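Survey of secondary and tertiary structure
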Amino acid sequence: MLLGCIGDDFTGSSDLANTLSKQGMRCVQYTGVPSEPAQPDVEAGIIALKSRSINPQEAVRQSLDALAWLREQGCEQFFFKYCSTFDSTPQGNIGPVADAIADALDAHKVIVCPAFPGTGRSIYQGHLFVHDTLLNESGLENHPLTPMTDPDIRRWLAPQTRHGVGHVDARTVLAGTEAIRDALTKEHDAGRRLIVVDALQDEDLLQIGAAADGLPLITGGSGVALGLPRNFAKRGQIANTGAGWRGERGKCVVLSGSCSNATRAQVALHRKTNPSYEIVADDVINGALHPQSVADWLMDANGIPLAYSSADPAVVADIQSQFGREKSAEALENFFAEVSRRLVAGGIRKILTAGGETSGAIVEALHLTALEIGPEIDPGVPALRASDRLVIALKSGNFGAPDYFAKAAEILGAKA
């Protein structure tokens, strides 16, 4: 294994696997820390954790366990993957995890770059934009678990880390690889270990990737990983043999727990031509709705049926005020997890999920330990083979085109 990756949620990890696979690396996504060694032909291993919103100390512990396994596989470089909208709070978890991994690897000049131009995420003067809107005005300020209220990544990261936070600006990045390397060295010499790097376009990411050659640790969204496979390829270390995709027949169902603007628009469009079942949080928390009822409805419905709890931010805020943020989130995650178990037991072989926490709960419920990376559905979202009889797609809340669900269902059923 060449590149060892640690993702703080399941959808983001599949996003990273998609990026690396498209660049020619043989990738496998693992659910949690594996108990066995990797297959010898795996070039990039991505360990997906569910650590984005948990206690920072526990996130650090899990991440260091993942790092230890990846080091045992002989990885030459490591990548800490978090969301391209830098989902965190001032108390963590990005900073504490980055610090702990950097300490374990004695890594310096640690790049911090959540940019992903393919999905509209860019960094300019240290500020994160979603398309042409600052992060804190993009709807992410309403995130139920990690509301993002400051677009300045340097300022948001500073209270999370023990180290100084540096910056490499867009002008330097546009000047190319050597200029980026020189700037990283200057920031390091000034005592700044975690260094936010601007990026506006894919070419910037390729230059940043080239500048990262030889650095033990890179952190960011999947976009900044775009240039890393080239470093291994130029040394002849990548076999560049992708596995063919094999879809599944039968019904495809959709489980959506994301409340992001993008997912709510996808839900609204999909409902126009497909059966839909709204899961009301009150009913779940009060025990008035049973998972078997929803599973039965999905298995009996025509088309590409959708069960969703994707509500307006005002509705989410009201639920959280009644029941508490953690209780309401946990109740919905557990509900979707149980629905997924009953769907698979009932013979469903194609499942689409929307939302990082929802996807993580479902993957854990189904005990999916290793996911093979298939074709890209939309930027950042690949089809995944979970077993001989199950294919899935794990979509982060803000990813995907308006017709994502219909497109994803078609690809999950496609034959190579």
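Nothing here was measured: the structure is a model prediction, and the numbers come from that model.

Attention now moves to the packing of helix H13 (residues 325–345) against helix H14 (residues 356–365). It is the contact of H13 with H14, at a shortest axis distance of 8 Å, that shows an interaxial angle of 45°. If you check the angle between H13 and H14, you find them oblique. Between H13 and H14 lies a crossing of right-handed hand. Residue-level inspection shows Glu333, Phe336, Ala337, Ser340 and Arg341 of H13 in contact with H14, the latter providing Glu357, Thr358, Ala361, Ile362 and Ala365. Broken down by class, the residue content of the contact of H13 with H14 amounts to five nonpolar, two polar and three charged.

For helix H6 (residues 177–189), built from 13 residues, the straight-helix expectation of 18 Å at 1.5 Å per residue is met to within 8% by its first-to-last C-alpha distance of 18 Å. Listing the buried residues of H6 in full gives Thr177, Ile180, Ala183, Leu184 and Glu187. All buried residues of H6 project into a common sector of 125° when viewed along the axis, lining one side. Along H6, exposed side chains directed more than 90 degrees from the buried face belong to Lys186 and Asp189. Lining the buried residues of H6 we find strand E5 (110–113), strand E9 (164–168), helix H5 (170–174), strand E10 (192–197) and helix H7 (202–211). Taken from the residues just after H6, Gly191 is the one with a positive phi, measuring 90°.

On to the packing of helix H9 (residues 261–271) against helix H15 (residues 404–412), then. The interhelical angle for the contact between H9 and H15, taken along N-to-C directions, is 75°, at an axis separation of 8 Å. Of the possible angle classes, the one that applies to H9 and H15 is roughly perpendicular. In contact with Gln266, Val267 and His270 of H9, H15 contributes Tyr404, Phe405 and Ala406. Considering only residue class, the contact of H9 with H15 consists of four nonpolar, two polar and no charged.

Quick look at the sheet that holds strand E7 (residues 127–130) now. The antiparallel open sheet is built from three strands, whose spatial order is E6-E7-E8. Whereas interior strands pair on both sides, the edge strands pair on one side only; in this sheet they are strand E6 (121–124) and strand E8 (133–134). Taken together, the two bridges between E7 and E8 define a ladder with antiparallel strand orientation. Across the sheet, Phe129 pairs through a bridge with Leu134, a residue of E8.

Here the focus is the pairing of strand E11 (residues 217–220). The side chains of a regular strand alternate, first on one face of the sheet and then on the other. Burial along E11 is two-sided: the residues Leu217 and Thr219 and Ile218 and Gly220 are all buried. When strand E4 (residues 77–81) meets E11, the two strands line up parallel, connected through four bridges. From the neighbouring strand, Lys81 faces E11, where its bridge partner is Gly220. Sheet topology places E5 next to E11; three bridges connect them, and they run parallel. If you follow Val112 over to E11, its bridge partner there is Thr219.

Moving on, we get to the environment of Tyr82. Considering the arrangement of structural elements, one finds Tyr82 in the loop between E4 and helix H3 (94–105). Its relative accessible area of 1% is what places Tyr82 among the buried residues. Along the chain, Tyr82 and Asp8 lie 74 residues apart, while their C-alpha atoms are 5.7 Å from each other. The contact partners of Tyr82, leaving out residues within four places of it in the chain, are Asp8, Arg52, Ile94, Val112, Cys113, Pro114, Thr219, Gly220 and Gly221. Only 2.7 Å separates the side chain of Tyr82 from the side chain of Thr219, close enough to count as a polar contact.

Reading guide: rules and limits
Residues numbered from 1 in each chain as written. Predicted model: local features only at pLDDT ≥ 70, side-chain atom pairs only at ≥ 80, totals over all residues. Heavy atoms only, no water. Axes fitted to C-alpha atoms, helices over the stretch in contact; angles between N-to-C directions. Helix = DSSP H or I, 4+ residues; strand = E, 2+ residues; numbered from the N terminus. Parallel < 35°, antiparallel > 145°, perpendicular 65-115°, else oblique. Left-handed = near helix turned anticlockwise from the far one by under 90°. Contact = heavy atoms within 4.5 Å. Nonpolar A, V, L, I, M, F, W, Y, C, P; charged D, E, K, R; others polar. Expected span 1.5 Å × (residues − 1). Buried < 20%, exposed > 50% of the residue type's maximum accessible area, 1.4 Å probe, protein only. Arc of directions from axis to C-beta. Pairing = 2+ DSSP bridges. Polar contact = N/O pair within 3.5 Å; in protein donor to acceptor, adjacent residues only side chain to side chain.

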